[in-house]
Number of protein chains: 2
Amino acid sequence: MGDAALAKEQLLIAFFQEIAPETLDDLRAKFPRTEISTVKLKSGETIPSEVARKATYLVTYTNLPNPEDTENIKLIHFVSAGLDHLIHHPVFRETAIPITSSSGVHGPPIAEWTVMNWLVASRKFAVTYEDQKKQAWHGSFGRLQGVHDQVGKKVGILGYGGIGRQIGRVAQALGMEVYAYTASPRPTQSSRYDSGYIVPGTGDREGRIPVSWHHGTDKASIHEFLSLGLDHLVISLPLTPQTTHLLGAEEFALLAASTPPRHAKPYLTNISRGKVLDQDALIAALKSGELSGAALDVTDPEPLPAEHPLWEAPNVQISPHVSALGVEYFPRSLDIVKDNLGRLERGEDLINAYKRGRGY
Amino acid sequence: MGDAALAKEQLLIAFFQEIAPETLDDLRAKFPRTEISTVKLKSGETIPSEVARKATYLVTYTNLPNPEDTENIKLIHFVSAGLDHLIHHPVFRETAIPITSSSGVHGPPIAEWTVMNWLVASRKFAVTYEDQKKQAWHGSFGRLQGVHDQVGKKVGILGYGGIGRQIGRVAQALGMEVYAYTASPRPTQSSRYDSGYIVPGTGDREGRIPVSWHHGTDKASIHEFLSLGLDHLVISLPLTPQTTHLLGAEEFALLAASTPPRHAKPYLTNISRGKVLDQDALIAALKSGELSGAALDVTDPEPLPAEHPLWEAPNVQISPHVSALGVEYFPRSLDIVKDNLGRLERGEDLINAYKRGRGY
């Protein structure tokens, strides 16, 4: 042992692309007592023994070492929110190394993406954008007929987690009413508490923003929620067998049927996975006007092929699964590591810890 | 007299275009005890005697009657926020009829327009918008390099009135820090109170959102404000001789000089009037990169002619003075009338009352 106890901790970042030099500079400033090294590997590739054995902390996305190379590793942190792509790996099943996720870092960028799409649609941004390209000042308001704002509008958020809560926070500031939907009941204040990582200054830690909470995994409960007279429906659920094709023709019809007078028909936002809805039914609902529009960061399949009818469905705004993107992603994910290293040292519970045996 | 006391009150709307039938339906529901009639007149045209003399309440934009035709009029309400276009009219100078403005109705739409433009710029909406037109799914993140969010960013709001406050409210929800600037000092909680009309569920009535307040009408005070390390500067000042060309090359350089490391250069939003800034200096600052972009709903002149260099300045987003637009405008303006009719009846102070002799 001897000097070994004095050796610096080693934080290894295993990723499929180079980490930008300025990001590494920032990380070194964030972890002054820790050596930081990186290894670039193909998606899913095993981390080589000689690299893994030096690491005391591992930050990764799809790369893990063999269990026998993990003896120095005290923490494995994933830069993704979900861990489902790796929970069957031997490191999950055969070791007791604490594992943490980046759940919570997606709130601000995805909420911004969502609100941007709402406003682009409701304020007809494309009209003035196209006019500007033509250097045309069209003061006539007829071109912007139907422009409306979000004050007093109702947004239903299917899946009131870290992302849904930041959407709720901004929606409330815009003057909207927020309706939360969760799988399990949240009848008490403590059951509404968000104990995961939250980007400082954002979110709804206490769960006080919604005007009402709704729950259930059965069709009747979902249908009741869709009949509240919602102007917006946001889908921020995980994709599971239960949520696959959760929304289809029947659900879109229910949404449309309860629209208040003088309001635009409901607007759908999907930031979950393409398969949570019946995409053919979505296209039909947009064509019939049952839905006034949709913002989709996810489709089925991805990439969405050219010529697919979804590209040209009326009032649809599609982006290629980029809503979480931003220069803040990596630094925020490493903020969780920094926080957890302090917790490890003090023997406290970790934030965003994976609980072995719960299966997600 | 006799039966006259039983006659319904008469609310006359004088406007330059027809009021939509569904808007009139809504107004009749809002004022069940009042007859509502409309007159369509050219901009600035005098309301004909026989029309004006029947009115007990007048709602107008640019049309007023002759003073001798106002004997039945108990309230004149303007659908604009400013009244400066008519304060020299004899009705202002020679009568004592209560006059009210629509100050406050612009908060939500202009705040939405502002935040939409910020997010369109910072999240590079145009990239995915153009890709969608080509039915191209570009999953490669290189195309969206530099996308960032607003968390922790500083927004300075020059003119923290009804519009600035709703921008502040949404900015805070996005995780931003709000810095307020006003002409006169607001050192106490009561001096920060907004006593005008506020659309319910919006704004910052108490003035509690800013992390700090700044003030002054001299160059040194403005320059100090511009040196706070702002990521955003929003101009929501009235145009006066003092605010004409308030911002020019020197001010843009000061803004740029205090940008925090790793942050994009400041982004300018102008929702005031084109002439509050030196537009040539703005174009130069956009070209040099001192400003990372600008959202302009106002220009100098308006309409902005085709071929004007502002149209193609880097990262500029221009709309034709439409940021306040929306189906809610008229109904909200009439909410003020409804509130004030109750106040007249009860002998209370009116909301948004014009104070004769103050000159604005």
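Residues numbered from 1 in each chain as written. Chains lettered and ligands numbered in written order. Predicted model: local features only at pLDDT ≥ 70, side-chain atom pairs only at ≥ 80, totals over all residues. Heavy atoms only, no water.

For the rest of this paragraph, the subject is the overall build of chain A. Looking only at helices and strands, one finds 10 helices and 12 strands in chain A. The C-alpha atoms of chain A give 23 Å as radius of gyration, which agrees with the globular expectation for 360 residues (21 Å, within 12%). Oriented by its inertia axes, the alpha-carbon framework of chain A measures out at about 80 × 50 × 35 Å. Look at the contacts in chain A between residues 6 or more apart in sequence, and 66% of them connect residues 24 or more apart. Working note: accessible area of chain A is about 15700 Å², and carbon and sulfur atoms make up 52% of it. Charge centroids of chain A, computed over 36 positive and 41 negative side chains, lie 4 Å from each other. (Helix = DSSP H or I, 4+ residues; strand = E, 2+ residues; numbered from the N terminus. Rg over C-alpha atoms; globule rule 2.2 N^0.38 Å. Contact = heavy atoms within 4.5 Å. Areas by Shrake-Rupley, 256 points an atom, 1.4 Å probe, with all protein chains shown as cover. Lys, Arg positive; Asp, Glu negative; His and termini not counted. Charge placed at Lys NZ, Arg CZ, Asp CG, Glu CD.)

Attention now goes to the relation of the copies chain A and chain B. Its rotation angle being 180 degrees, the transformation that places chain A on chain B also includes 0.0 Å of axial translation and leaves an RMSD of 0.0 Å. These values place the two chain copies in the arrangement generated by a two-fold rotation axis. Among all residues of chain A, the one whose C-alpha sits closest to the rotation axis is A:Met116, at a distance of 2.7 Å. (Least-squares fit on C-alpha atoms with pLDDT ≥ 70 in both.)

Here we come to the sheet that holds strand β12 (residues 316–318) of chain B. As a general point, the strands of a sheet are linked pairwise by backbone hydrogen bonds and lie either parallel or antiparallel. Residues and elements named next belong to chain B. Taking strand neighbours across the sheet as the criterion, the 7 strands line up as β8-β7-β6-β9-β10-β11-β12 in an open arrangement whose pairing is parallel. Two strands close off the open sheet at either side, each with one partner strand: β8 (212–215) and β12. Ignoring which end each strand starts from, the neighbouring axes of this sheet average 15 degrees apart. One ladder, built from 4 bridges, connects strand β10 (residues 267–270) with strand β11 (residues 293–296); its direction is parallel. Its bridge partner lying in β11, Tyr267 is registered against Gly293. Docked against the sheet, helix α4 (residues 107–122) engages β6 (154–158), β9 (232–235), β10, β11 and β12, running at close to 150 degrees with respect to β10. Of the strands in this sheet, β6, β7 (177–182), β8 and β9 are in contact with helix α6 (residues 162–173), which crosses β6 at around 175 degrees. (Pairing = 2+ DSSP bridges. Axes fitted to C-alpha atoms, helices over the stretch in contact; angles between N-to-C directions.)

Turning our eyes to something else, we now look at the UniProt feature "domain: D-isomer specific 2-hydroxyacid dehydrogenase NAD-binding" (unreviewed entry) in chain A. Under the local residue numbering, the UniProt record ascribes the feature "domain: D-isomer specific 2-hydroxyacid dehydrogenase NAD-binding" (unreviewed entry) to residues 118–189 and 215–323 of chain A. As a span, residues 215–323 of chain A carries 25% helix and 15% strand, and end to end its C-alpha atoms are 26 Å apart. (UniProt positions renumbered as here; feature names shortened; annotations may be inferred.)

The next subject is the nonpolar core. If you look at the biggest cluster of nonpolar residues, it comprises 56 residues, and the most contacted ones within it are A:Trp118, A:Val155, B:Trp118 and B:Val155. Once residues lying within four places of it in the same chain are set aside, the contact partners of A:Trp118 are A:Gln150, A:Val155, A:Ile167, A:Ala171, A:Met176, A:His232, A:Val234, A:Tyr267 and A:Thr269. (Core = buried A, V, L, I, M, F, W, Y, C linked by side-chain atoms within 4.5 Å. Buried < 20%, exposed > 50% of the residue type's maximum accessible area, 1.4 Å probe, protein only.)

All names here are of chain A. Where helix α9 (residues 279–288) is concerned, the buried positions are Gln279, Ala281, Leu282, Ile283, Ala285 and Leu286. Looking at the buried residues of α9, the elements they touch are α8 (249–257), β10 (267–270), β11 (293–296) and β12 (316–318). In this structure Asp278 caps α9, since a side-chain oxygen of it lies 3.1 Å from the backbone nitrogen of Asp280. Directly beyond the C-terminal end of α9, a positive phi value near 90 degrees is found at Gly289. (Polar contact = N/O pair within 3.5 Å; in protein donor to acceptor, adjacent residues only side chain to side chain.)

Okay, the packing of helix α7 (residues 219–226) of chain B against helix α8 (residues 249–257) of chain B next. Residue and element names in this part refer to chain B. For the pair α7 and α8, the least separation of the axes is 8 Å and the interaxial angle reads 35 degrees. Note on element contacts: α8 touches α7 through Glu250, Glu251, Leu254 and Leu255, opposite Lys219, His223 and Leu226. Here the residues of the contact of α7 with α8 sort into 3 nonpolar, 1 polar and 3 charged. (Nonpolar A, V, L, I, M, F, W, Y, C, P; charged D, E, K, R; others polar.)

What follows deals with the packing of aromatic side chains. One pass over the full model with this rule turns up 20 aromatic pairs over all chains. Plain terms: the ring middles of A:Phe15 and A:Tyr61 are 6.1 Å apart, the flat faces sit at 45 degrees to each other, and that makes the pair tilted. In this pair, A:Phe15 sits in strand β1 (residues 9–15) while A:Tyr61 sits in the loop between β3 (57–60) and β4 (75–78), placing the two residues 46 residues apart along the sequence. Assessed through its relative accessible area of 11%, A:Phe15 is described here as buried. On the accessibility criterion, A:Tyr61 (32% relative accessible area) is partly exposed. Seen from their ring centres, B:Phe78 and B:Phe92 are 5.7 Å apart, and the 50 degrees between their planes marks the pair as tilted. One end of the pair, B:Phe78, is in strand β4 (residues 75–78); the other, B:Phe92, is in helix α3 (residues 90–94), and 14 residues separate them in sequence. Of the two residues examined, B:Phe78 and B:Phe92, each falls in the buried class. Taken together, the aromatic side chains of A:Phe15, A:Phe16, A:Tyr61 and A:Phe330 make up a single cluster linked through ring pairs. (Phe/Tyr/Trp six-rings, centres within 6.5 Å; stacked < 30°, edge-to-face > 60°.)

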